[in-house]
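Fold and contact review
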Amino acid sequence: VPMHIAFILDGNRRYAKKMGIPTLEGHRKGLIGVRDRIIEACLENDVSVLTLYTFSTENWKRSKLEISGLMLLFEEMIDEHVDKYMAKGIRMRHLGRKDRLPKNVISKLQEAEEKTKDNTKMTVCIAMDYGSQDEIVRAIQRSVASDQKIESIEDVEMFLDTAGIPPVDLMIRTGGDQRISNFLLWQSAYAEFKFLPQLLPEVTKEDVVACIEEYRERERRFGQ
């Protein structure tokens, strides 16, 4: 079983257009699918870490109306689900910048992190206002500020947002595009990749399980 699965969540806006519904409703359908199908499939298959790319550093280029709607949706989803995650033994962790998100969103993320910090069944990392290049720049800044001498890969990883989290084993992107869009570049050095044609709201538990099964059949050589 892959220890760490990372998901690039794509296709909500195309789904909304396809179904003739508002864009924000497409995002809502996608997040419900993450909760009810992706997270559940990973729990049932003993995945240790699931990282979800929910809002990138580049997503600020979208319209103010869409961004404000997304932020309210994120708040709503965190409020609704943190108790459910507690009951399932899920630990929540935020990856990304904390200086540009609305204060209410940051507050709720921090509350969720604190409330679930002792859970051990699975860690769900929420990558929000996250970009891998930005993360690496911030890691360099933190290392300089700490006067820590960088002599190894492990030294760098101490300063990444994902410190203490294992590298990505399997990266899955929904929506048909075949790129990784500045997501976990360092952590995915030897990841296996799977690109699903389904738009995010259309992804089923069976789709996720099939990805895990395919991963099991692949031979990982790590350059050997």
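See above for the structure.
Fair warning: this is a prediction, and the values are worked out from it, not measured in the lab.

**Description of helix α4 (residues 103-116)**
For α4, with 14 residues, the first-to-last C-alpha span of 20 Å sits near the 20 Å given by 1.5 Å per residue. Every buried residue of α4 is accounted for by Val105, Ile106, Lys108, Leu109, Ala112 and Thr116. Each buried residue of α4 sits inside an arc of 165° when the element is viewed along its axis, so together they form one side. Facing away from the buried side of α4 by over 90 degrees, the exposed positions are Lys103 and Glu111. Contacts made by the buried residues of α4 are with α3 (64-87), β3 (90-95) and β4 (122-130).

**Some remarks on the packing of aromatic side chains**
Inspection of every chain in the model, using the stated rule, returns 6 aromatic pairs. A ring pair is formed by Phe55 and Trp60, whose centres lie 4.9 Å apart and whose planes are at 75°; its orientation type is edge-to-face. Here Phe55 falls in the buried class, since its relative accessible area comes to 1%. Plain terms: the ring middles of Tyr190 and Phe222 are 5.5 Å apart, the flat faces sit at 50° to each other, and that makes the pair tilted. Separated by 32 residues along the polypeptide, Tyr190 in the loop between β5 (170-173) and β6 (192-195) and Phe222 in the segment after α7 (205-217) bring together distant segments of the chain. On the basis of relative accessible area, Tyr190 is assigned to the partly exposed category, the value being 47%.

**So, the side chain of His4**
Within the fold, His4 resides in strand β1 (residues 4-8). Overall, His4 belongs to the buried group, its relative accessible area being 1%. Among the polar contacts made by the side chain of His4, one reaches the main-chain carbonyl oxygen of Pro166 at a distance of 2.8 Å. Sequence-distant contacts of His4, defined by excluding residues within four places in its chain, comprise Val49, Thr51, Ile165, Pro166, Pro167, Val168, Asp169 and Leu170.

**Details of the pattern of salt bridges**
Considering all chains together, one arrives at 29 salt bridges under this definition. With a closest N to O distance of 3.0 Å, Asp10 and Arg173 form a salt bridge. Placement of Asp10 in the loop between β1 and α1 (12-19) and of Arg173 in strand β5 is noted, with a sequence separation of 163 residues between them. Judged by its relative accessible area of 18%, Asp10 falls in the buried class. For Asp36, the salt bridge identified is with Arg35, shortest N-O distance 2.5 Å. Here the salt bridges share partners, and the residues they tie into one network are Arg97, Asp99, Asp134, Arg138, Arg142 and Asp161.

Thresholds, definitions, all that
Residues numbered from 1 in each chain as written. Predicted model: local features only at pLDDT ≥ 70, side-chain atom pairs only at ≥ 80, totals over all residues. Heavy atoms only, no water. Helix = DSSP H or I, 4+ residues; strand = E, 2+ residues; numbered from the N terminus. Expected span 1.5 Å × (residues − 1). Buried < 20%, exposed > 50% of the residue type's maximum accessible area, 1.4 Å probe, protein only. Arc of directions from axis to C-beta. Contact = heavy atoms within 4.5 Å. Phe/Tyr/Trp six-rings, centres within 6.5 Å; stacked < 30°, edge-to-face > 60°. Polar contact = N/O pair within 3.5 Å; in protein donor to acceptor, adjacent residues only side chain to side chain. Salt bridge = Lys/Arg side-chain N within 4 Å of Asp/Glu carboxyl O.

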